[in-house]
Amino acid sequence: MPVVKISSLDDPRLDVYARLTEAQLRNKLEPEKGIFIAESLKVISRALDGGMEPVSVLMTPEWVDSAAEVVARVLTQAPQAPVFVAPKSEVERLAGFNLTRGILCAMRRPALPSVEDLLATCVHGGPATRIAVLEGIVDHTNVGAIFRSAAALGIDAVLVTPTCCDPLYRRAVRVSMGTVFQVPWTRIGNSVRDWPEAGLKTLHDLGFATAAMALSDDSIPLGSPELAAQERLALIFGTEGDGLSTRTIAGSTYTVKIPMRHGVDSLNVAAASAVAFWELARPTGA
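The model shown is predicted, which means the values in this text are computed figures rather than measured ones. (Residues numbered from 1 in each chain as written. Predicted model: local features only at pLDDT ≥ 70, side-chain atom pairs only at ≥ 80, totals over all residues. Heavy atoms only, no water.)

A.B. asks: What exactly am I supposed to notice about the packing of helix α7 (residues 140-152) against helix α12 (residues 269-281) here?
C.D. replies: When two helices pack together, their arrangement is given by the angle between their axes and by how far apart the axes lie. Where α7 contacts α12, the two axes come as close as 9 Å, and the packing angle between them is 15°. Taken together, the axis directions place α7 and α12 in an arrangement best described as roughly parallel. As α7 runs across α12, the sense of the crossing is right-handed. Residue-level inspection shows N142, A145, I146, S149 and A150 of α7 in contact with α12, the latter providing V269, A270, S273, A274 and F277. Residue classes in the contact of α7 with α12 are distributed as 7 nonpolar, 3 polar and no charged. (Axes fitted to C-alpha atoms, helices over the stretch in contact; angles between N-to-C directions. Helix = DSSP H or I, 4+ residues; strand = E, 2+ residues; numbered from the N terminus. Parallel < 35°, antiparallel > 145°, perpendicular 65-115°, else oblique. Left-handed = near helix turned anticlockwise from the far one by under 90°. Contact = heavy atoms within 4.5 Å. Nonpolar A, V, L, I, M, F, W, Y, C, P; charged D, E, K, R; others polar.)

A.B. asks: Any chance you could explain a nonpolar patch on the surface here in plain terms?
C.D. replies: A contiguous nonpolar patch, built from M260, L267 and V275 and spanning about 200 Å² of accessible area, is present on the exposed surface. The topology assignment puts V275 in helix α12. V275 sits in the partly exposed class, given a relative accessible area of 33%. (Patch = residues over 30% accessible without salt bridge, like charges linked within 9 Å, V, L, I, M, F, W, Y side chains within 5 Å. Areas by Shrake-Rupley, 256 points an atom, 1.4 Å probe, with all protein chains shown as cover. Salt bridge = Lys/Arg side-chain N within 4 Å of Asp/Glu carboxyl O. Buried < 20%, exposed > 50% of the residue type's maximum accessible area, 1.4 Å probe, protein only.)

A.B. asks: Honestly, helix α4 (residues 68-77) in this entry has me stumped. Any pointers?
C.D. replies: The α-helix advances 3.6 residues per turn, and as a result positions three or four apart in sequence lie on the same side. Turning to α4, its buried residues number three or more, namely V70, V71, V74 and L75. Across the axial projection of α4, the buried residues extend over an arc of 140°, all falling on one side. α4 presents E69 and T76 as exposed residues on the side facing more than 90 degrees away from its buried surface. The elements touched by buried residues of α4 are α3 (41-49), β3 (53-59), β4 (83-85) and β5 (103-108). (Arc of directions from axis to C-beta.)

A.B. asks: Help me understand the environment of V143 in this model?
C.D. replies: Note that V143 resides in helix α7. Taking the C-alpha atoms as reference points, V143 and V180, separated by 37 residues in sequence, lie 9.5 Å from one another. Contact partners of V143, with chain neighbours within four places excluded, come to L134, I137, C164, C165 and P167.

Here's what the structure looks like:
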């Protein structure tokens, strides 16, 4: 394995790992130059499986042998990608880095498809029938957890609104265990003006009934037969605390609640999404 030994994270070649902010990595002005960081052997493997393009690798000496197979895959896809090996003491200076994962890989951001193209053909080869829409969810842990549930429970695609946090943010990728590379996703709109009215119209024009997950007087229970009967259904989840906007609720086909007991009136959005996915998109044989 060709490696480049680094003595300090002050080396400018490590800017992508040590100094660039998530916003700088994302490069909104020139998305084709954007970078994201994948952590751990499993996440990097899933990113490679998903066709992501590696740029470089950073790890500690302790991981050189155990990472050999994954690094070989990286070099097969990107033969010129440098493999940096830095002392453990230096890698510990990376904010939030968990040394038990031992390896990082910088990868190029993929070009996002249009909503129409994404929903026309999904992982099973046919059009999407069950999708999730994340409205303004700003907690990266929740976004990552929602993707993990979506992958496990049969959701065909995820759409994120312009005010939702980035699914390729390092923590979101980590919490998702790499499932952000397994579940097809894109943004529904480029600015706050594109959601909810324009985005909901797009979904309705594509034949989706929309289900706003919210507590209101006219909410129907999650298990209502008319929901399961919908050929194409988009489940819309709102931000932590405030929930969905009134405009989103007003413009959706249904307002849907999860019946609960013991005076509990709501669930964390990641937990709520898992319950909704299980009920309305459960995998075959479940």
